[in-house]
Amino acid sequence: MASTSTSNNNGSGQSSEEAAELMATMRAEHIPMKSWYNNPLHASNLSELHSKHGNEFPSFWQDLVRWDGWKEARREYLRFTENGNKFVTVTTTTAGGGGKRSRWAEDQQSASAAVAGQPQQPR
C-alpha cells in the first residue's frame with residue numbers, strides 16, 4: 001500500500017511541476033508574444049488566428065490560462081522566431097512530388113552530369 005500512495009504523490013507532484021513550468025513559460029513569453037500577435041504588420045499573416053481567437057492578445061499573462069488560443073498562437077510564434085522572425089508558409093507536397101529528397105541528390109546529379117561525357121573508369 002505504501003508504494004501506491006508514493007506513486008500517487010509522484011504523479012501529482014509531476015503534474016504540479018508541469019503546471020508551474022507552463023505558468024513560468026506563459027509569464028516569460030507573454031510580452032514578446034503580445035507584441036508579436038498585436039503587431040499591425042503581422043495582421044495579414046495572423047488573420048486565421050485573429051479570426052479564431054480575436055484580434056487582441058490577452059492583456060495579462062494570467063489570462064493566458066483561460067485563453068483558447070494559447071497553444072496555437074505559441075506554435076505560430078515559435079515557428080516565426082525559429083525562422084529568423086519571418087513568417088513561413090507550410091506547404092504540402094502533391095502526388096508525384098512527395099517523398100524525402102536525399103541531401104546528396106544535388107551532388108549525385110552534378111557528379112553524374114560531369115562524368116556523363118567521359119567513359120567510366122574501372123575500379
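Note that this is a predicted model, so its numbers are computed, not measured.

About the thresholds
Residues numbered from 1 in each chain as written. Predicted model: local features only at pLDDT ≥ 70, side-chain atom pairs only at ≥ 80, totals over all residues. Heavy atoms only, no water. Core = buried A, V, L, I, M, F, W, Y, C linked by side-chain atoms within 4.5 Å. Buried < 20%, exposed > 50% of the residue type's maximum accessible area, 1.4 Å probe, protein only. Contact = heavy atoms within 4.5 Å. Helix = DSSP H or I, 4+ residues; strand = E, 2+ residues; numbered from the N terminus. Phe/Tyr/Trp six-rings, centres within 6.5 Å; stacked < 30°, edge-to-face > 60°. Salt bridge = Lys/Arg side-chain N within 4 Å of Asp/Glu carboxyl O.

(A) Just the nonpolar core, in detail. Grouped together as the largest cluster of nonpolar side chains are 13 residues, with contacts concentrated most on Trp-36, Tyr-37 and Trp-67. In contact with Tyr-37, other than residues within four places in its own chain, are Leu-46, Leu-49, His-50, His-53, Gly-54, Asn-55, Glu-56, Phe-57, Trp-67 and Ala-73.

(B) Spotlight on unusual backbone geometry. In the Ramachandran plot, Asn-85 falls in the positive-phi region, its phi being about 60 degrees despite a non-glycine side chain. Position of Asn-85 relative to the elements: it lies in the loop between α3 (70–82) and α4 (105–115).

(C) Representation of the packing of aromatic side chains within the structure. Enumeration according to the criterion identifies eight aromatic pairs in this entry. Pairing Trp-36 with Phe-80 gives two aromatic rings, centres 6.0 Å apart and planes at 45 degrees, and the pair type is tilted. Taken together, the residues span a long stretch of sequence, with Trp-36 in helix α1 (residues 2–38) and Phe-80 in helix α3 at a distance of 44 residues. A residue is classified by how much of its surface remains accessible, and Phe-80, at 9% relative accessible area, is buried. A ring pair is formed by Tyr-37 and Trp-67, whose centres lie 5.7 Å apart and whose planes are at 90 degrees; its orientation type is edge-to-face. Placement of the pair is Tyr-37 in helix α1 and Trp-67 in the loop between α2 (47–53) and α3, with a sequence separation of 30 residues. Accessibility expressed as a relative area gives 14% for Trp-67, which makes it buried. What links up through ring pairs into an aromatic cluster is the set Trp-36, Tyr-37, Phe-57, Trp-67, Tyr-77, Phe-80 and Phe-87.

(D) Spotlight on the pattern of salt bridges. Evaluated as defined, the whole model comprises five salt bridges. Residue Arg-74 pairs with Glu-29 through a salt bridge whose shortest N-O separation is 2.7 Å. Here Glu-29 lies in helix α1 and Arg-74 lies in helix α3, a separation of 45 residues in the sequence. The exposure class assigned to Glu-29 is buried, which follows from its relative accessible area of 17%. Where Lys-52 meets Glu-48, a salt bridge forms, and the shortest distance between an N and an O atom there is 3.9 Å. Of this pair, Lys-52 and Glu-48 both sit in helix α2, four residues apart, which is roughly one turn of that helix. When its relative accessible area of 52% is taken as the criterion, Glu-48 is described as exposed. Connected through salt bridges with shared partners, the residues Glu-48, Lys-52 and Glu-72 form a single ionic network.

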